[in-house]
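Chain by chain, the residues run as shown.
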Amino acid sequence: MNSLPQTTPAAFTPGRHPGHLAGEPILRVQRLNLAYEGGLALRDVSFELITGERMAVVGPNGAGKSTLFKIIAGLLKPDSGKVSVFGADPSGHICISYLPQHNHVDWNFPVTVNDVVMMGRARKIGFFRWPAASDREIVNRALRTVGLSVYAQRQISQLSGGQQQRMFIARALAQEADLMLMDEPITGLDTPSQEELFSVLDSLKDEMVTVMFALHDLKLAASHFDRVMLLNHRLVGIGEPSSVFTKEHLSQAYGDRIQVLENGHNVSMIDDACCGDGGE
Amino acid sequence: MDWLLTPLEYSFMVRGMLAAVIVGVVCAVLGTYVVLRGMAFFGDALAHAVLPGVAAGYLIGGGARGPVFWWAMATALLSAFGIGAVSRSARLKEDTSIGIIFAGMFALGVALISMVRNYTADLTHFLFGDVLGVSNTDLVLTAAFGVLILLVVLAFYKEFMVISFDPTLAATLRLPIRWLDYLLIALIAISIVVSLQTVGVTLMVAMLITPAAAASLLTRRLSRMMLIAALIAIFSGITGLYLSYYLNLASGSAIVLTCTAVFALTWGFTNLTRRKTSARPAGNL
């Protein structure tokens, strides 16, 4: 069922960016606080990611997941606390790719899939220069990795929802992103498209791409990711799914909005009753 | 073939056509961004906001072209950045801020020109253009700025594409978004000033958006959209001036009407073919 070609990831090796301090974790978040006019968004959030790790971020709507991603991407300044990516402020890095939850791109914009993926290289190519053969090779390889080679010359409105998400992953690969922040990319996708997306993500494991992935489905979070983070303004829990998705943690995060069905031992059958796919 | 060559015996017709072609190409290429970024109202407003600069240059220079050009240039750049600043800072919707500045500036221009009673003919030229009055000096200035604008668009092609398509990506690539936005706005302002004499402030927006809009119906690639828009503008400039010559029409409106006709035909044609192709099962292409 997985027809995606698995390519060897020669070009995508970490440490390709200047300004990465040796021995520093790819991401360190320390005591992050942010208040909006409407109230508290994040309170005292601290954690670290190691290179190549994939972290699922779950929590109710409005829990601050998108805010956290924007701060890590360097697009939003926290009130206090610190984010460091390879030991330095994220706003100086071009190794972070961020896919917002509601991607307001104009799907009728006159660009092909290939054009969009090449945009990931805009900064690497540099001002006053045009893509070289090596840039085109990197774009081709990124398209192969996500299984979109045959769609390269299509205008982007002709892609399905799942293909659109994979195009953005290819763009992140072309950007040579070490840290991918994906805010609910599977919301609204059918199950086969979700599976395709996860198998692409699995194929990136060898390339040591670190992934933070917000989603609502706790079962998928538990089955597809190394660690999970349960967020509700503050960090309710982080670690192995079995130790994070406990009845106590979940009722702290979701209150009455979730049904926790204890199932024998430590395993819980969980349903996020507040937020079905299709979202906000 | 005589009917094609006769008008060209007049040197003002040749200069006018050259000016119309240069202006058409520059506006069509920049207009691609104007259309894709939804800046049509901004472009229209900016063209109108230039009028007080034109008037001031006219009054100070006693009718000479040079001061008009440079005063218009300064006014266009100031208004462009002014509109940008006001729409960012004020708690108003952007189109409201633009509307206030544009109408106020336009009124100021009309007021200034009305101070000189006998010069209503010149006001008409500023409002609707006077491409057949283009001098050699005008032509050189137009060409110089036209080439400059096209070179900058070429130099920042991929950056302008990224900031127009996906500002979030531009931000994570740490591109200087604000600087690039201002550069694009400045280019639009300069192209407006360069085009003033061809179509005037009131019809200016048509040069920016109509060829680009027609091109957007015909292609799904940005570079091709620019090329097709430029070809439509060249065709419209030349055809418009022939129409103006033989039908004794105002030159600026003849050019704009040709653009509009090309757009209408394109729109009708693409709608017809789309209806045909959508009858077949989709999925190819």
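Residues numbered from 1 in each chain as written. Chains lettered and ligands numbered in written order. Predicted model: local features only at pLDDT ≥ 70, side-chain atom pairs only at ≥ 80, totals over all residues.

## Some remarks on the overall build of chain B
For chain B, the count of helices and strands is 13 helices and zero strands. In terms of overall dimensions, chain B is globule-like: its C-alpha atoms have a radius of gyration of 20 Å, near the 19 Å expected for 285 residues. In terms of its C-alpha atoms, chain B occupies a principal-axis envelope of roughly 65 × 55 × 30 Å. (Helix = DSSP H or I, 4+ residues; strand = E, 2+ residues; numbered from the N terminus. Rg over C-alpha atoms; globule rule 2.2 N^0.38 Å.)

## Side note on the overall build of chain A
Each helix and strand in chain A was counted, giving nine helices and 11 strands. Summarising the internal contacts of chain A: among those between residues at least 6 apart in sequence, 68% fall at separations of at least 24. (Contact = placed C-beta atoms within 7 Å.)

## Observations concerning the nonpolar core
Core analysis: the biggest nonpolar cluster contains 178 residues, and A:Leu181, B:Leu30, B:Leu46, B:Val50, B:Val193 and B:Ala229 have the highest contact counts within it. Counting residues per element, this core draws most heavily on helix H11 (residues 177-218) of chain B, at 23 residues. If we skip the residues at most four places from it in the chain, A:Leu181 touches A:Phe69, A:Ile72, A:Ala73, A:Ile96, A:Ser97, A:Tyr98, A:Leu99 and A:Met212. (Core = buried A, V, L, I, M, F, W, Y, C linked by C-beta atoms within 7 Å. Buried ≥ 20, exposed ≤ 12 C-beta atoms within 10 Å, placed from the backbone.)

## With respect to the sheet that holds strand S3 (residues 54-58) of chain A
The strands that make up a sheet pair up through hydrogen bonds in the backbone, lying either parallel or antiparallel. Residues and elements named next belong to chain A. With mixed pairing, six strands are arranged side by side in an open sheet as S5-S6-S7-S3-S8-S9. Both outer strands of the open sheet, strand S5 (96-99) and strand S9 (234-239), are each paired with one neighbouring strand and no more. Within this sheet the neighbouring strands show an average axis-to-axis angle of 15°, counted without direction. Taken together, the four bridges between S3 and strand S7 (residues 210-214) define a ladder with parallel strand orientation. (Pairing = 2+ DSSP bridges. Axes fitted to C-alpha atoms, helices over the stretch in contact; angles between N-to-C directions.)

## Topic: the interface of chain A and chain B
Each side of the interface is counted separately: chain A has 19 residues, and chain B has 22 residues. Elements represented by at least two residues in the side of chain A that touches chain B include exactly S5 and helix H3 (122-125) of chain A. For the side of chain A that touches chain B, a count of residues per class yields 14 nonpolar, four polar and one charged. (Nonpolar A, V, L, I, M, F, W, Y, C, P; charged D, E, K, R; others polar.)

## Regarding the pairing of strand S6 (residues 179-183) of chain A
Residue and element names in this part refer to chain A. The buried count for S6 comes to five of five residues, which makes it a mostly enclosed element. Neither face of S6 is left uncovered, since the one carrying Leu179, Leu181 and Asp183 and the one carrying Met180 and Met182 both have all their residues buried. Summarising the sheet, S5 and S6 pair through four bridges and their orientation is parallel. Bridging across to S6, Tyr98 finds its partner in Leu181. Sheet topology note: the S6/S7 ladder contains five bridges and is parallel. Of the residues in S7, the one forming a bridge with Met182 is Phe213. With helix H6 (residues 191-203) bridging S6 and its parallel neighbour S7, the resulting β-α-β unit is right-handed. (Right-handed = clockwise from strand over helix to strand, strands pointing away.)

## A closer look at the packing of helix H3 (residues 40-49) of chain B against H11(B)
Residues and elements named next belong to chain B. Put simply, H3 and H11 touch, their axes get as near as 9 Å, and they point 110° apart. Looking at the two axes, H3 sits roughly perpendicular to H11. Residue-level inspection shows Ala40, Gly43, Asp44, Leu46, Ala47 and His48 of H3 in contact with H11, the latter providing Ile188, Ala189, Ile192, Val201, Met204, Val205, Leu208 and Ile209. Considered class by class, the residues forming the contact of H3 with H11 number 11 nonpolar, two polar and one charged. (Parallel < 35°, antiparallel > 145°, perpendicular 65-115°, else oblique.)

## With respect to the pairing of strand S2 (residues 39-49) of chain A
Summarising the sheet, strand S1 (residues 27-36) of chain A and S2(A) pair through seven bridges and their orientation is antiparallel. Note on S2(A): the bridge partner recorded for A:Leu34 is A:Leu42.

## Re unusual backbone geometry
Residues and elements named next belong to chain B. The phi dihedral of Arg174 falls on the positive side, at around 55°, and the residue is not glycine. With respect to the element layout, Arg174 can be found in the loop between helix H10 (167-172) and H11. By C-beta crowding, Arg174 is classed as partly exposed, having 15 other C-beta atoms within 10 Å.

## Structural notes on the confidence of the model for chain A
All names here are of chain A. Per-residue pLDDT for chain A has a mean of 83; in total, 84% of the residues score no lower than 70. By mean pLDDT, the top-scoring element of chain A is helix H2 (residues 113-119) (96), and the lowest-scoring one is strand S11 (residues 268-271) (46). Ignoring residues within four places in sequence, the model shows residues 263-280, a span with pLDDT below 50, making 38 contacts including any to other chains. (pLDDT = per-residue confidence, 0-100.)

## Some points on helix H9 (residues 247-254) of chain A
Buried within H9(A) we find A:Leu250, A:Ala253 and A:Tyr254. Projected onto a plane normal to the axis of H9(A), the buried residues spread over an arc of 80° and lie on a single side. (Arc of directions from axis to C-beta.)

## Digging into the sheet that holds strand S4 (residues 80-84) of chain A
Residues and elements named next belong to chain A. Taken in spatial order, the three strands make up an open sheet running S2-S1-S4, and their pairing is antiparallel. Only two strands of the sheet have a single neighbouring strand rather than two, namely S2 and S4. Ignoring strand direction, the axes of neighbouring strands in this sheet form an average angle of 20°.

## Some remarks on the environment of B:Leu139
Residue and element names in this part refer to chain B. For Leu139, the location among the structural elements is in helix H8 (residues 136-155). The class for Leu139 is partly exposed, based on 17 C-beta atoms found within 10 Å. Apart from the residues lying within four places of it in its own chain, the contact partners of Leu139 are Arg15, Leu18, Ala19 and Val134.

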